[in-house]
Amino acid sequence: MSDVTARGAAALVQLVRSGNAARQAAAAHELGRLSGASPANQAVVLAAGGAPALVQLLHSRSDQVQAEACYALAMLAGDARGCAAVAAAGAIPPLGRLLHTTSSDGVLSEAATALAMLTGVSDNAASAAEVAATNCVPRALQLLRDSSDGMQRPMALLLSGLSSCSDACADEIAALGGVPLLVQRLGSSDARVQTHSAHILSSLVRTEAHAAALVESGGIPALAHLLGSISAAAVCSAALALDGLMSYNGYSSAVAVAAGGCVARIVRLLRRSNEEV
């Protein structure tokens, strides 16, 4: 970990504002790396005007510059203070535009990650509404459906952040056919895609109609299977979705969960936890 001084941050911001494309990309990457290293660094970069300078790079003609700017903004948005500063700098509209217009997989992935950080980290309903206004939910669902695991991961992360802090976004995901797709993605070979998909479903099952769609799509056996994952995060997200299904949807859902093979897996998890303790 390295610390950045006010003078060092100002010099990097100056390069972002006036350097050539190669220097802008390098300076943006360094601002992102430093911001992600510690809250103190993040505060120094923000005080140096890093957020608005990086937002301007989102309009660059260079894919590399755009990708590094997205990365740096995601790192700056690592907590509620950073999220507020990045959103106030006007980052959300151009990030949403990149999600629709870029032909670069690198830019697409980094833009989705930055948008996810602006919603999920601070659980900010206002930011979620602004992100959703960029029409990113249909685009993220399309890429979650049609792209490779590497691209599915940031899209699932984005949808997870939106669904957790906005009921309207959760409803939009479900209305666009998201529930069967998410159940399918519970079987992904990527543990993070599994984790994010289960987390999205845990938000959706708070509504009875969405819970019914999950059951009809085979979601309970898929979640039960995920309880046996070697990924602790995937197990927790699956358990959260099953708990929400029972908590919000009454006795019939509890019966369906029991019939779906979840009880035996939960008992095994409890035994394993006791043995580890």
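In the block above lies the structure referred to throughout.
Residues numbered from 1 in each chain as written. Predicted model: local features only at pLDDT ≥ 70, side-chain atom pairs only at ≥ 80, totals over all residues. Heavy atoms only, no water.

Visitor: Residue-level account of the overall build of the protein, with values.
Guide: Helix and strand counts for the protein come out as 18 helices and zero strands. Scored against the burial criterion, the 277 residues of the protein give a buried share of 51%. Put simply, 69% of the contacts in the protein that link residues at least 6 apart link residues at least 24 apart. Within the structure as shown, the protein displays about 12100 Å² of accessible surface, and the carbon and sulfur contribution to it stands at 55%. (Helix = DSSP H or I, 4+ residues; strand = E, 2+ residues; numbered from the N terminus. Buried < 20%, exposed > 50% of the residue type's maximum accessible area, 1.4 Å probe, protein only. Contact = heavy atoms within 4.5 Å. Areas by Shrake-Rupley, 256 points an atom, 1.4 Å probe, with all protein chains shown as cover.)

Visitor: Describe the nonpolar core, with residues and values.
Guide: Within the largest apolar cluster, 87 residues are counted, with the highest numbers of intra-cluster contacts made by Leu54, Leu95, Met155 and Leu158. Looking at this core element by element, the count peaks at nine residues for helix H8 (residues 105-121). (Core = buried A, V, L, I, M, F, W, Y, C linked by side-chain atoms within 4.5 Å.)

Visitor: Can you lay out the environment of valine 13 for me, pointing to particular residues and giving the numbers?
Guide: Here valine 13 lies in helix H1 (residues 6-18). Each C-alpha atom of the pair valine 13 and proline 52 lies 9.6 Å from the other, and the pair is 39 residues apart in sequence. In this structure, valine 13 is in contact with Leu31, Ala48, Gly49, Gly50 and Ala53, ignoring residues within four places of it in sequence.

Visitor: For unusual backbone geometry, give the residues involved together with the corresponding values.
Guide: You will see that asparagine 135, though not glycine, has its phi angle at about 65 degrees, which is positive. The class for asparagine 135 is partly exposed, based on a relative accessible area of 42%.

Visitor: Could you give me a rundown of the pattern of salt bridges, with the residues and numbers involved?
Guide: Applying the stated criterion across every chain, the model contains three salt bridges. In this structure, glutamate 30 and arginine 33 form a salt bridge, with 2.6 Å as the shortest nitrogen-oxygen distance. Remark: arginine 33 and glutamate 30 occur in helix H2 (residues 21-37); sequence separation between them is three residues, near one turn of the helix. (Salt bridge = Lys/Arg side-chain N within 4 Å of Asp/Glu carboxyl O.)

Visitor: Explain the side chain of glutamine 152 to me, and be specific about the residues and the numbers.
Guide: Structurally, the position occupied by glutamine 152 is in helix H11 (residues 149-165). Setting aside anything within four residues of it in sequence, one finds glutamine 152 in contact with Leu143, Leu144, Ser147, Arg185, Ser188 and Val193.

Visitor: Report on the packing of helix H13 (residues 178-185) against helix H14 (residues 191-204), specifying residues and quantitative values.
Guide: If you want to describe how two helices pack, look at the angle between their axes and the distance between the axes. The geometry of H13 relative to H14 is characterised by a closest axis approach of 8 Å and an angle of 145 degrees between their N-to-C directions. The crossing of H13 and H14 is left-handed. Contact with H13, carried on its side by Val179, Leu182, Val183 and Arg185, involves Val193, Gln194, Ser197, Ile200, Leu201 and Leu204 of H14 and no other residues of that element. Considering only residue class, the contact of H13 with H14 consists of seven nonpolar, two polar and one charged. (Axes fitted to C-alpha atoms, helices over the stretch in contact; angles between N-to-C directions. Left-handed = near helix turned anticlockwise from the far one by under 90°. Nonpolar A, V, L, I, M, F, W, Y, C, P; charged D, E, K, R; others polar.)

Visitor: For H1, give the residues involved together with the corresponding values.
Guide: For H1, spanning 13 residues, the distance from its first C-alpha to its last is 18 Å, which sits close to the expected 18 Å at 1.5 Å a residue. Those residues of H1 that fall on the buried side of the exposure criterion are Ala9, Leu12, Val13 and Val16. Down the axis, H1 shows its buried residues gathered within 100 degrees of arc, on one side only. Those residues of H1 that are exposed and aimed more than 90 degrees away from the buried face are Arg7 and Ser18. Among the structural elements, H2, helix H3 (39-47) and helix H4 (50-57) are those in contact with the buried residues of H1. (Expected span 1.5 Å × (residues − 1). Arc of directions from axis to C-beta.)

Visitor: Can you lay out the environment of alanine 91 for me, pointing to particular residues and giving the numbers?
Guide: Note that alanine 91 resides in the loop between helix H6 (80-88) and helix H7 (92-101). Classification of alanine 91 as buried rests on a relative accessible area of 0%. The sequence separation of alanine 91 and cysteine 70 amounts to 21 residues, and the corresponding C-alpha distance is 9.1 Å. Non-local contacts of alanine 91, meaning those with residues more than four positions away in its chain, are made with Val55, Leu58, Leu73 and Val86.

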